[in-house]
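# Secondary and tertiary structure notes
Given next are the chains, with one letter for each unit.
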Amino acid sequence: MKQVLGIGGLLLVVFVATALMSDAFLKPFNLENLMKRSALFGIISIGVAFVIITGGIDLSIGSIICLVGCGLPFLLQVEYVAVGQVPVVSVTAETGTLELARPPRGLSVGDRIGLAGGKKENVGVYLVASVTGTSVVLEAGPESDDSGGRLTRILRAESGSTFVTVPGHGLQVRDRVTFVLEDGHEGATARVLSVEGDRLGLSEAPPGELSGLYGLYRRPWTSVPVALGIVLGASLAIGLFHGLLIAKLKLQPFVVTLCGLLLYRGITRGFTQDQTQGLIDEYPTLKLIATAQLARIPMTWGLLVVGGVMLVGALAWGVTIRRRVGAARVSWGDLAMPAVTLAMGVSLLGWGVGTISPLETLAIEAREREEVRVDLPRRTTRVSMQARAPGSDWVTLAETQVEESETIQELTVPSLETIRGARPGDWSQLQVVVLERARLEIGLPAPLVILLVVALIASVFLNRTIYGRYLLAMGNNEEAARYSGIDTDRMIILAYVICAGLAGLGGVLFVLDINSAQPVDFGNFYELYAIAAAVLGGCSLRGGEGTIVGVVIGAALMRVLKNMITLVDWMPTYIEYAIIGAVILAGVIVDELVKRAAARRRLTRIRGGGDESGR
Amino acid sequence: MTDATREPRPPRLLDVRAVSKRFPGVLALDRVDLVLDPGEVLGVIGENGAGKSTLMKILAGVQPADGGLVLVDGAPIEIDGVEAALGAGIALIHQELNLADNLDIAANIFLGREPCRGPGRVLIDRGRMLSDSRQFLEMVGLDRDPSTVVSELTIGRQQMVEIAKALSVDARVLIMDEPTSSLSQSEAESLFEVIGQLRDAGKSIVYISHRLGEVTRLADRVTVLRDGRNAGELDRQEISHDAMVRLMVGRDIEEWDRESDREPGEVVLEARGLRSPAFPAHRLDFALRQGEIVGLAGLVGAGRTELLQTLFGITPALDGHLRIGDIPLLPQDPRAAISAGMALVPEDRKQQGLVLGMAVRENISLPSLKRDSGPGGFLDRGRERESCGRMIERLRVKTLGPEQVVQYLSGGNQQKVVLGKWLAMEPRVLLMDEPTRGIDVGAKQEIYALMEELAARGVAILFVSSEMEEVLRMSDRALVMHEGRIAGELDRDVLGGSEGEEAVMQLATGAASARAMEADG
């Protein structure tokens, strides 16, 4: 725990400072977002921490995130295939005959077809006179000869607002329809929202001059599990590839993953042809993995409970240490952890009290003839207006619902004259009583839970299994580990697989959260954020050191810093990198100094029985 | 410089008075005195941690003193850096050589003080560097071209380069810290010769060593340190092994007594036609028996370490047959060797034996973790703590506790931790490479006792040692290597006899086999 003291303290300081400098910072919406982003970066930082613990480095994380983030929407992209659409080979205007690329299925005499994509003058809606093999004869033929275009069977549709009756449509929910206008041109495309027999509920109302429509079958490239399997499998394979090159061929991690950084981004830009890959709104359920809120917690209660537990816990902790070390010899160093916890508890309690929304009574200077505007406290939902005559009690005149708002709202109170008109009485004083205020709630973002699960597993793996011990030993001294019979190659490979796998998971979550990914810059610099978080969290680039808790705190610190720069007015956003760089440097310097002081103290204890007596 | 008027005798070349040095939590030097006359070899001895190295670092300007006075030729000087020390004519030849081994001899000798020429003196005067180097190499009797790259030299010759470097700055006091620790016997011999010549040329030498035999042979006077204080001084005629040990440990160590009634059991390791990658031209045949301590003697570079590493699977054998117990096995990696019941206490304790940044507990349990872990690889932390505690007790490791980081232990205790991690595996064959290098006298005896105890329990021990005394005393049988092959085998009777040392040396230098070949011819 001691290793995370410095970084934890730094997070606390930055957090409190930002809260003091910006009103928006502690807003639930901002905090939810902050938690979500911290969680996403936390996941990839844990990954790189494993590699750093072996004494390696992984620079390819951002590009793996790009590969996965673009690859997932790419694999999940959906094509819409027109029902009964056939390419036209040739049009003979004289006979009104169309030669098709293949026999039109289900097309019969009397059906209507739309001709599009060929010569302009031919575009239109026609009736089918006869069908033989691949040639179709139209009743009133097209105007000029042509060698191209496409024929689409038009379904007859009767429109009534967004509901359309289309006999024999064969469509399902999430398919689409394209409207065909009377002049044969294609109109808008609408999504099918509901299907009841022949009746389709559409997302848009058809245009006025509707001649019919044709259906578009939804055809996804792959299913969700297959797509996830491919992208995650690819990232694990990349990790294995890196690990093999580094462990077996003894290539330098920096070089291997630097090439990876270039390689995977280039590959992604290649197969996507540099086009933005988006999920649009095809996969609402899948997106919940990254965007869902698993619970809404009342902030006041949450803060008071957590703050109280920390307060009591810190006190108990301090007392335990004091008793164990002995009251006379206890030093500030021993009590640092409880002291920081205590400070955090107190801050949380203070914050919790600050979020309590008291019900207030607002006195009003009533005017005879003019309306009065009253500022309501935030999140007021219901108020009552009360009046009283001289010498008597308050009487409620009306209760009003107010729309909840995060900003201060104005309520207009009528003039005394108006009130007397509505309700006779000798009213001379008015007041507004806030009857109800919405509770401040904060959502628990799903990625935070994923992070907690990942961090827990990683922590158990690192500290409670032999493999974690092997990783730490190897990072400290690979040669000694090998001499002790540890399969160091396998451990190196494992670390790179974990790192790339978590980068892949991060990529999935990032793209599901943001909804689209541009191959050019998706995940750019993320490896540096992850490495910085790991280093801030106490991982030494020399290897053999690091805690998962520290890394998670490090990732959170990076996000809070970024949030601070965005929110605090006088900090220009364009110096973001400078501020982040400076804070990381400061953090690492402080950490190094703390470590040295600790080592010196330890040395004193080891060598110096004599030192104690000398004092 | 002529303070002689005030003193009955000329001032000492070097006079160290009441020098103290405090490290956090420990008083490393407590008012230590030391004097040195011109043309004198002064032995400085003491157990590890007695303050020898600290004193020398202070004299060489590597570390500042906290108190005391250093006089050179009777005049107090301030040594505030290596430059100042060299200016006063004091040069330290480090225990670990400080040469840039990618550069040639001349470049190393003049590193940082290259003679320059040309406008602005920006060009290195290579010609002068080479000719000057030749002169200094001659002084140390090293017959190599000064443009030879240092990495091509043996350790012994590299040491000569270090000495030449010290001479090139006109050093009058040469401090040698454990100069023979990585030298072979013959290399050590030529070093002794050079030391004699330097003394005759009026240079003064401070000679620090654990090897009391060498000190006895070389020193004109011996200063003994114990726990950071002067423990005593011996004049030429007083110098003896016992006297030195008595002053070093502050008590008499009972003379080591050999258990002669050890009876080796069955063969537990048998090598036939083993070919190691380091010496592919030679095939090795030998066997180890249960409860037998076999010394592996030879000069540095004779292939002893390489043989152990091949047996342990670090540099797998090219071919040949190896049988451990009843299992035929040619280990391809240490894991295979370990599971067959072998263990290796490697030569380089800090690099190969220990994970310095980890706790005693974590180091001891490292090889046995897999065996002791639960299903799914989960650590059994209770068991780990318990078996580590037992090992600390059994080996009498001096540590604050199992959570103590190994880095902060003394060399002897570190070596015990290395032993502890292997004893936890209960090996049948224990390979030890220089098991007592850099360890003080007390810990040495403990390790010897432990080797005896293990042998008595049936463990076969094969140990490499460059200390002749160690080989002669500890071995039931000694294999002597020469240039990658086993030149001969000596039994207890020869080793224990008066001719033991000579017999080993003849085999090690190849003299014996050359004679045998002549006899054959």
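Residues numbered from 1 in each chain as written. Chains lettered and ligands numbered in written order. Predicted model: local features only at pLDDT ≥ 70, side-chain atom pairs only at ≥ 80, totals over all residues.

With that settled, the discussion passes to the overall build of chain A. The helix and strand tally for chain A stands at 17 helices and 23 strands. Viewed in the frame of its principal axes, chain A has a C-alpha envelope of about 115 × 95 × 40 Å. Considering chain A as a whole, with its 615 residues, one finds that 37% of them fall into the buried category. Put simply, 76% of the contacts in chain A that link residues at least 6 apart link residues at least 24 apart. (Helix = DSSP H or I, 4+ residues; strand = E, 2+ residues; numbered from the N terminus. Buried ≥ 20, exposed ≤ 12 C-beta atoms within 10 Å, placed from the backbone. Contact = placed C-beta atoms within 7 Å.)

Along its length, chain B carries 20 helices and 22 strands. The principal-axis extent of the C-alpha atoms belonging to chain B is close to 80 × 60 × 50 Å. Here chain B holds 521 residues, and 45% of them are scored as buried. Considering only contacts within chain B whose residues lie at least 6 apart along the sequence, 68% involve residues at least 24 apart.

Residues and elements named next belong to chain A. With antiparallel pairing, the seven strands of this open sheet are ordered in space as 1-13-10-11-12-9-8. With partners counted over all chains shown, the strands left at the sheet margins are strand 1 (78-82) and strand 8 (158-160), one partner each. Within this sheet the neighbouring strands show an average axis-to-axis angle of 35°, counted without direction. (Pairing = 2+ DSSP bridges. Axes fitted to C-alpha atoms, helices over the stretch in contact; angles between N-to-C directions.)

Residue and element names in this part refer to chain B. Taken residue by residue, chain B gives an average pLDDT of 86. The fraction at 70 or more is 93%. Counting contacts from residues 517-521, a segment whose pLDDT is below 50, to residues more than four positions away or on other chains yields zero contacts. Reported confidences for the modelled complex are a pTM of 0.78 and an ipTM of 0.77. (pLDDT = per-residue confidence, 0-100.)

Attention now goes to the sheet that holds strand 5 (residues 124-132) of chain A. Residues and elements named next belong to chain A. Here we have six strands rolled up into a closed barrel, ordered 2-3-6-5-4-7, and antiparallel in their pairing. For this sheet the average axis-to-axis angle between neighbouring strands, irrespective of direction, equals 45°. Note that strand 5 and strand 6 (residues 135-138) share four bridges and pair antiparallel. When the sheet's bridge partners are listed, Val128 is paired in strand 6 with Leu138.

With that settled, the discussion passes to the nonpolar core. Grouped together as the largest cluster of nonpolar side chains are 175 residues, with contacts concentrated most on Leu431(B) and Ile461(B). Residue contributions to this core peak at 18 residues, all from helix 13 (residues 488-514) of chain A. Beyond its immediate stretch of four places on either side in the chain, Leu431(B) contacts Leu308(B), Leu311(B), Phe312(B), Met342(B), Ala343(B), Leu344(B) and Leu462(B). Ranked by size, the runner-up nonpolar core spans 73 residues in total, among them Ala164(B), Tyr207(B), Leu212(B) and Leu247(B). (Core = buried A, V, L, I, M, F, W, Y, C linked by C-beta atoms within 7 Å.)

To continue, consider unusual backbone geometry. Located in the positive-phi region is Asn515(A), a residue other than glycine, with phi close to 90°. Mapped onto the elements of the fold, Asn515(A) is located in the loop between helix 13 and strand 23 (516-517). With phi around 50°, Glu483(B) is a residue other than glycine that occupies positive phi space. Within the secondary structure layout, Glu483(B) lies in the loop between strand 21 (477-482) and strand 22 (485-491). Assessed through the 16 C-beta atoms surrounding it within 10 Å, Glu483(B) is described here as partly exposed.

On to the interface of chain A and chain B, then. In this assembly, 26 residues from chain A lie in contact with 29 residues from chain B. Looking at the side of chain A that touches chain B, the elements with two or more residues in it are helix 11 (466-476), helix 12 (478-483), helix 16 (576-607) and helix 17 (609-614) of chain A. Of the residues belonging to the side of chain A that touches chain B, the class tally is eight nonpolar, nine polar and nine charged. (Nonpolar A, V, L, I, M, F, W, Y, C, P; charged D, E, K, R; others polar.)

Attention now moves to the packing of helix 3 (residues 61-75) of chain A against helix 14 (residues 526-536) of chain A. Residue and element names in this part refer to chain A. Here helix 3 crosses helix 14 at 130°, and the two axes come no closer than 6 Å. As the angle between them shows, helix 3 and helix 14 are arranged oblique. Mapping the contact onto sequence places Ile61, Gly62 and Ile65 in helix 3 and Tyr526, Glu527 and Ala530 in helix 14. (Parallel < 35°, antiparallel > 145°, perpendicular 65-115°, else oblique.)

This brings us to the packing of helix 2 (residues 28-53) of chain A against helix 10 (residues 446-464) of chain A. Residues and elements named next belong to chain A. Between helix 2 and helix 10, whose axes approach to 8 Å, the crossing angle comes to 30°. Classified by the angle between their axes, helix 2 and helix 10 sit roughly parallel to one another. For the crossing formed where helix 2 meets helix 10, the hand is left-handed. The segment helix 2 lies against helix 10, with Met35, Lys36, Ala39, Leu40, Gly42, Ile43 and Ile46 engaging Pro447, Leu448, Ile450, Leu451, Val454, Ala455 and Ala458. (Left-handed = near helix turned anticlockwise from the far one by under 90°.)

Right, let's talk about helix 14 (residues 381-395) of chain B for a bit. Residues and elements named next belong to chain B. The end-to-end C-alpha separation of helix 14 is 21 Å, in line with the 21 Å expected for 15 residues at 1.5 Å each. Along helix 14, the positions that sit buried rather than exposed are Glu384, Cys388, Met391 and Ile392. Within helix 14, the buried residues cover an arc of 100° as seen down the axis, which keeps them to one side. Exposed and facing more than 90 degrees away from the buried side of helix 14 are Gly382, Glu386 and Glu393. The inward-facing, buried residues of helix 14 contact helix 12 (360-365), helix 13 (369-372) and helix 15 (411-423). (Expected span 1.5 Å × (residues − 1). Arc of directions from axis to C-beta.)

What follows covers the environment of Asp242(B). Summarising the element assignment, Asp242(B) is placed in helix 8 (residues 241-249). In sequence terms Asp242(B) and Leu212(B) are 30 residues apart; their C-alpha atoms lie 9.5 Å from each other.

This next bit is on helix 3 of chain A. In this model, helix 3 of chain A (15 residues) spans 20 Å end to end at C-alpha, consistent with the 21 Å of a helix rising 1.5 Å per residue. For helix 3 of chain A, the buried fraction is high: 14 of the 15 residues fall into the buried class.

Once that is clear, we can look at the pairing of strand 15 (residues 293-298) of chain B. Consecutive side chains along a regular strand alternate between the two faces of the sheet. All names here are of chain B. Counting buried positions along strand 15 yields six of six residues, so the element is predominantly enclosed. Residue alternation in strand 15 divides its side chains into two sets, Ile293, Gly295 and Ala297 and Val294, Leu296 and Gly298, and both sets are buried. As judged from the four bridges shared by strand 15 and strand 20 (residues 460-464), these two strands associate in the parallel manner. Paired with Leu296 across the bridge in strand 20 is Val464. Direction of pairing for strand 15 relative to strand 21: parallel, over a ladder of five bridges. Paired with Ala297 across the strands is Val480, a residue of strand 21.

Time to look at the confidence of the model for chain A. Of the residues in chain A, 97% reach a pLDDT of 70 or more, and the chain-wide mean stands at 87. Confidence scores differ between elements of chain A, with helix 17 of chain A showing the lowest mean pLDDT of 35 and helix 4 (residues 224-247) of chain A the highest of 97.

Residues and elements named next belong to chain B. Along the chain, Lys52 turns up in helix 1 (residues 52-59). Take Lys52: there are 25 C-beta atoms within 10 Å of it, and that puts it in the buried class. The spatial distance from the C-alpha of Lys52 to the C-alpha of Gly127 is 40 Å, given a sequence separation of 75 residues. Filtering out sequence-adjacent residues up to four positions away, Lys52 remains in contact with Val44, Gly46, Ile208 and Leu225.

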